[in-house]
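Inside the fold
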Amino acid sequence: MSRTLVISPNWIGDAVMAQPLLRRLRALHPDRPIDVLAPTWVAPVWRAMREVDTVIESPFKHGSLQWKERKAFAKMLKERGYADSYVLPNTLKFALIPWLAGIRRRVGYKGEMRYGLVNVMHHDEKDAPRPMAQFYAALADKPVRNLPRPEKLPEPEMTADPKEADAAIARLGLPAGTYVAFAPGAEFGPAKRWPAPYFAELAKTIRANRPDAQILLLGSPKDRAACDEITALVPEAHNLAGSTSLSEAIALISRAAAVVTNDSGLMHIGAALQRPVVAIYGPTDPRHTPPLSELAKILWLHIECSPCQQRECPLGHQNCMKQILPNDVWQPLQPMLAAA
């Protein structure tokens, strides 16, 4: 049986936004298994997608060509019998893999001058790039310049195993209650982070109105310090940053009554799990990478200097985030919790 190979992006949020592409590929070839080649830190996202048959974890180091290793890995892939491949990253080294594996149909965007390596080449408008979910989903179409843009973007869909959520809650010793997940981190940089004291004030408001609320602070080990700032002000909050695997974080988010988050990978996971999300944007553009769910509420002031797309505020004030006050987040969050 022939198979399809999808090569994953390196970012968690981008992987989530690529799910509509898999849904379209499954509709085109219902009987063709879809394998995803993904970095270890992104693999759990793909395992939470119904369309994925097998996740193959990439052995390659970030930024390294590793020519001999890629040739050996491609030989293993060749034995799996792929009819086609979809290369989602735009770099040349990722396009080498399906070419070395002898996969005949190799689909992707032009990227880093990948002529020959990608033989079904798509193009995007540099001056008006498509939102990421549509950017990836379009790879299922025939390459056409100036492709019409649908009014409604495709919504990613993920699922979580209830048993994994139960196991995570038990392992972490979390008390029963209404879980509210906070994602105070942002891998891209500090400019995207809503201030920790604001998260703390919001947590106090939630608990004052919902005494059964359990605030779960989720993120990577890099987010631990920001979460420590919150627990210093709200000791009742549970700082789980760096204490869960991504699979466990996905499972816990699936149990959350609501998710309050910066523009981050966990934001996209919350939306794809169909949890109510309040997403706080500042230096990035929600028109390009929004949380794709009817249950999501976006807060973005779009002040004069935003979106700057910078890792750190170039003006030093971070007004795009600081001028979104805790009560501004509480307003859309309140009805979400009332419905829980």
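Since we're looking at a predicted model, the values are computed, not measured.

Counting its regular elements, the chain contains 13 helices and 12 strands. Relative to its length of 340 residues, the chain is compact, with a C-alpha radius of gyration of 21 Å against a globular reference of 20 Å. For the chain, the proportion of its 340 residues judged to be buried stands at 54%. Pairs at least 24 residues apart make up 59% of the contacts formed inside the chain by residues separated by at least 6 positions.

Attention now goes to the environment of Met 113. Along the chain, the position of Met 113 falls in the loop between strand 5 (105-109) and strand 6 (120-122). Assessed through its relative accessible area of 56%, Met 113 is described here as exposed. Considered as a pair, Met 113 and Leu 92 are 21 residues apart in the sequence and their alpha carbons are 7.3 Å apart.

In this section: the sheet that holds strand 11 (residues 277-281). The strand order across the open sheet formed by 6 strands is 9-8-7-10-11-12, and the pairing between neighbours is parallel. A strand with exactly one partner marks an edge of an open sheet, and here the two such strands are strand 9 (238-239) and strand 12 (296-300). Note that strand 7 (residues 178-183) and strand 10 (residues 258-262) share 4 bridges and pair parallel. Across the sheet, the residue bridging to Phe 182 is Val 260, located in strand 10.

Quick look at empty space enclosed by the protein now. Applying the stated criterion across every chain, the model contains 5 cavities of 30 Å³ or more. Counted as a void, the second largest cavity has a volume near 90 Å³.

Here the largest pocket is characterised by a volume of approximately 1,200 Å³. In terms of lining residues, the largest pocket is bounded by 37 residues, among which Trp 11, Ile 12, Gly 13, Glu 187 and Gly 265 are the most central. Elements supplying a minimum of two residues to the lining of the largest pocket: helix 1 (12-17), helix 10 (246-254) and helix 11 (265-272). Take the lining of the largest pocket: its biggest share by element is 4 residues, from helix 1. Of the residues that constitute the lining of the largest pocket, the class distribution is 14 nonpolar, 16 polar and 7 charged.

Two elements in contact, helix 8 (residues 196-209) and helix 13 (residues 326-338), have axes whose closest approach is 10 Å; the angle formed by their N-to-C orientations is 35°. Here the hand of the crossing between helix 8 and helix 13 comes out right-handed. Only Pro 326, Val 329, Trp 330, Leu 333 and Leu 337 of helix 13 make contact with helix 8, whose side of the interface consists of Tyr 198, Glu 201, Leu 202, Thr 205, Ile 206 and Asn 209. Classifying every residue of the contact of helix 8 with helix 13 gives 8 nonpolar, 2 polar and 1 charged.

Rules used throughout
- Residues numbered from 1 in each chain as written.
- Predicted model: local features only at pLDDT ≥ 70, side-chain atom pairs only at ≥ 80, totals over all residues.
- Heavy atoms only, no water.
- Helix = DSSP H or I, 4+ residues; strand = E, 2+ residues; numbered from the N terminus.
- Rg over C-alpha atoms; globule rule 2.2 N^0.38 Å.
- Buried < 20%, exposed > 50% of the residue type's maximum accessible area, 1.4 Å probe, protein only.
- Contact = heavy atoms within 4.5 Å.
- Pairing = 2+ DSSP bridges.
- 1 Å grid on protein atoms, 1.4 Å probe; cavity = no way out; pocket = protein on both sides within 12 Å on 5 of 7 lines; lining within 4 Å.
- Points joined across faces, edges and corners; volume = space filled by probe spheres on them.
- Nonpolar A, V, L, I, M, F, W, Y, C, P; charged D, E, K, R; others polar.
- Axes fitted to C-alpha atoms, helices over the stretch in contact; angles between N-to-C directions.
- Left-handed = near helix turned anticlockwise from the far one by under 90°.

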